[in-house]
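Next come the chains, spelled out residue by residue.
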Amino acid sequence: MSYEELMLRAITKAEKFKYAAKPNPVVGAIIAKDGEIISEGYHEIYGENHAEINAIEAAKNHIGKKFKDFSDLTIISTLEPCSHVGKTGSCASFIAKSGFKRVIIGAIDPNPKVAGRGIKILNDNNIQVEYGLFQDLVEKQNKFFFYKHKNHKPYITVKIASSFDGKSHFDNETVLITNESSRNDVQTIRANHDAILTGGNTLRNDDPRMDARVNFYVNQPKKILLTSKAYNSKSSFFKDADVDIFKIKDLNKIIDSYRDTEICSILVEAGPKLANAFLKAGIVDELIIYTSEKKLGEKGINWFIEDNAIENYGFKLESSYKIEDDLKEIFKKNE
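Residues numbered from 1 in each chain as written. Predicted model: local features only at pLDDT ≥ 70, side-chain atom pairs only at ≥ 80, totals over all residues. Heavy atoms only, no water.

Q: Just to check I follow, could you spell out the nonpolar core for this structure?
A: For soluble globular proteins, the rule of thumb is that nonpolar side chains tend to be buried together. With 45 residues, the main nonpolar core has Ile31, Ile95 and Phe100 as its most contacted residues. When residues no more than four places from it in sequence are discounted, the contact partners of Ile95 are Glu52, Ile56, Ile75, Pro81, Phe100, Val103, Leu122 and Ile127. By size, the runner-up hydrophobic cluster in this structure holds 30 residues, among which are Ile156, Leu251, Ile310 and Phe331. (Core = buried A, V, L, I, M, F, W, Y, C linked by side-chain atoms within 4.5 Å. Buried < 20%, exposed > 50% of the residue type's maximum accessible area, 1.4 Å probe, protein only. Contact = heavy atoms within 4.5 Å.)

Shown next, in the form of structure tokens:
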């Protein structure tokens, strides 16, 4: 297989771990000799071994059978091997100590803790390094991770469920607006984000769990609560959850507090007041709207006052499709 084929294989197979490895990026590593795969490794679960280490450990089973030593081999990694020692050791140093002489990298890590330092470690150990192979695909696969480090803020998604006449709910009353398929779709969106944020009113009125209820393993998102009033600490929201609680109202300050954390994406699931506050603050990157065919009438609480509120905030429609009788629309911020 060519290096292009090996890199595409590593990118494709790494995708299956995106819900388990987050908030870390997904990474795939393949060790090859003359185009033949010796071993593969992937960053499978957050906090456990990175892809390169898994691939090297697997390759050790073939020493003396498929190769003499690691200097005979090339390691293909979708993302620059890390240079810092976090929950696991430095992958770049591990590669160098193993004896490799050639490393091919998809994209340079945008994290300033790495950003070229992994490559420097490899170069300092006389390892030939090539990078930039399918960089665009690696960046797309790890959209939130690259966004966070390039923009110095988490990617903010606001999700709302709206009736056909633009309503959220009745005053102090929970209403199921969308169908079951749409609600299941939301679970996958939750699973894809690093954190879920809501407000005190939603907590008090709905007693939501706001975890990702899916049929696959997921590193459950952190929960964030914004409230200045009393709340029930025994609410379903807090059960088996890591929760950050903010009593301040400055949304920019709250989001900026995650600048130097591992949180790369935040899903906002809240009522009209808080959702609109995020939009007015200009810090929302994506807006997902599920619209049902139900009408709540004049007693329903409006999501937006202006008919063209979304466009006024500088969003454009990215995609639109039906989920049974509901409509799902995704709006992205104009860049």
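Moving on, there is more to tell.
Q: How should I be thinking about the sheet that holds strand S5 (residues 128–131) in this particular structure?
A: Think of a sheet as strands paired side by side through backbone hydrogen bonds, with each pair either parallel or antiparallel. Reading across from one edge, S2-S1-S3-S4-S5 is the order of the five strands in this open sheet, with mixed pairing throughout. Both outer strands of the open sheet, strand S2 (36–42) and S5, are each paired with one neighbouring strand and no more. Taking the axes of each pair of neighbouring strands and ignoring which way they run, one obtains an average angle of 20 degrees across the sheet. One ladder, built from five bridges, connects strand S3 (residues 74–79) with strand S4 (residues 102–107); its direction is parallel. What sits directly across from Ser77, in S4, is Ile105. (Pairing = 2+ DSSP bridges. Helix = DSSP H or I, 4+ residues; strand = E, 2+ residues; numbered from the N terminus. Axes fitted to C-alpha atoms, helices over the stretch in contact; angles between N-to-C directions.)

Q: Help me out: how do you make sense of the packing of aromatic side chains in this one?
A: One pass over the structure, following the stated rule, counts 10 aromatic pairs. Aromatic pair Tyr147 and Tyr155: ring centres 5.1 Å apart, planes at 80 degrees, arrangement edge-to-face. Residue Tyr147 shares its accessibility class with Tyr155, and that shared class is buried. Each member of the aromatic cluster is reached from another via a ring pair, and the members are Phe67, Phe70 and Phe100. One Lys or Arg, Lys223, reaches over the ring of Phe237 and ends 5.1 Å from the middle of that ring. (Phe/Tyr/Trp six-rings, centres within 6.5 Å; stacked < 30°, edge-to-face > 60°. Lys NZ or Arg CZ within 6 Å of the ring centre and 35° of its normal.)

Q: What is the right way to read the layout of surface pockets from this model?
A: Empty space left among the atoms is revealed by rolling a probe the size of a water molecule over them. In this structure, the largest pocket spans a volume of roughly 1,400 Å³. In terms of lining, the largest pocket is formed by 50 residues, of which the most central are Thr202, Asp206, Glu269, Ala270 and Gly271. Here the lining of the largest pocket is composed, by residue class, of 19 nonpolar, 16 polar and 15 charged. The computed volume of the second largest pocket comes to approximately 970 Å³. Taken together, 35 residues make up the lining of the second largest pocket; nearest its centre are Lys140, Lys143, Phe144, Tyr155 and Asn192. (1 Å grid on protein atoms, 1.4 Å probe; cavity = no way out; pocket = protein on both sides within 12 Å on 5 of 7 lines; lining within 4 Å. Points joined across faces, edges and corners; volume = space filled by probe spheres on them. Nonpolar A, V, L, I, M, F, W, Y, C, P; charged D, E, K, R; others polar.)

Q: In this structure, what is going on with the sheet that holds strand S10 (residues 243–246)? I would like to understand it.
A: Across the sheet, which stays open at both edges, the eight strands sit in the order S10-S9-S8-S11-S6-S12-S15-S14 with mixed pairing between neighbours. One side of each edge strand has no neighbouring strand; the edge strands of this open sheet are S10 and strand S14 (315–323). Neighbour to neighbour, the strand axes of the sheet diverge by 20 degrees on average, direction disregarded. As defined by bridge partners, strand S6 (residues 155–162) adjoins strand S11 (residues 265–268) across four bridges and the pair is classed as parallel. Bridge assignment links Thr157 to a residue of S11, and that residue is Leu267. Its contacts with the sheet place helix H7 (residues 143–151) against S6, S11, strand S12 (286–291) and strand S15 (326–333), and it is angled at close to 125 degrees to S6. This element, helix H11 (residues 272–281), spans S6, strand S8 (195–199), strand S9 (222–226), S11 and S14 of the sheet and lies at about 115 degrees to S8.

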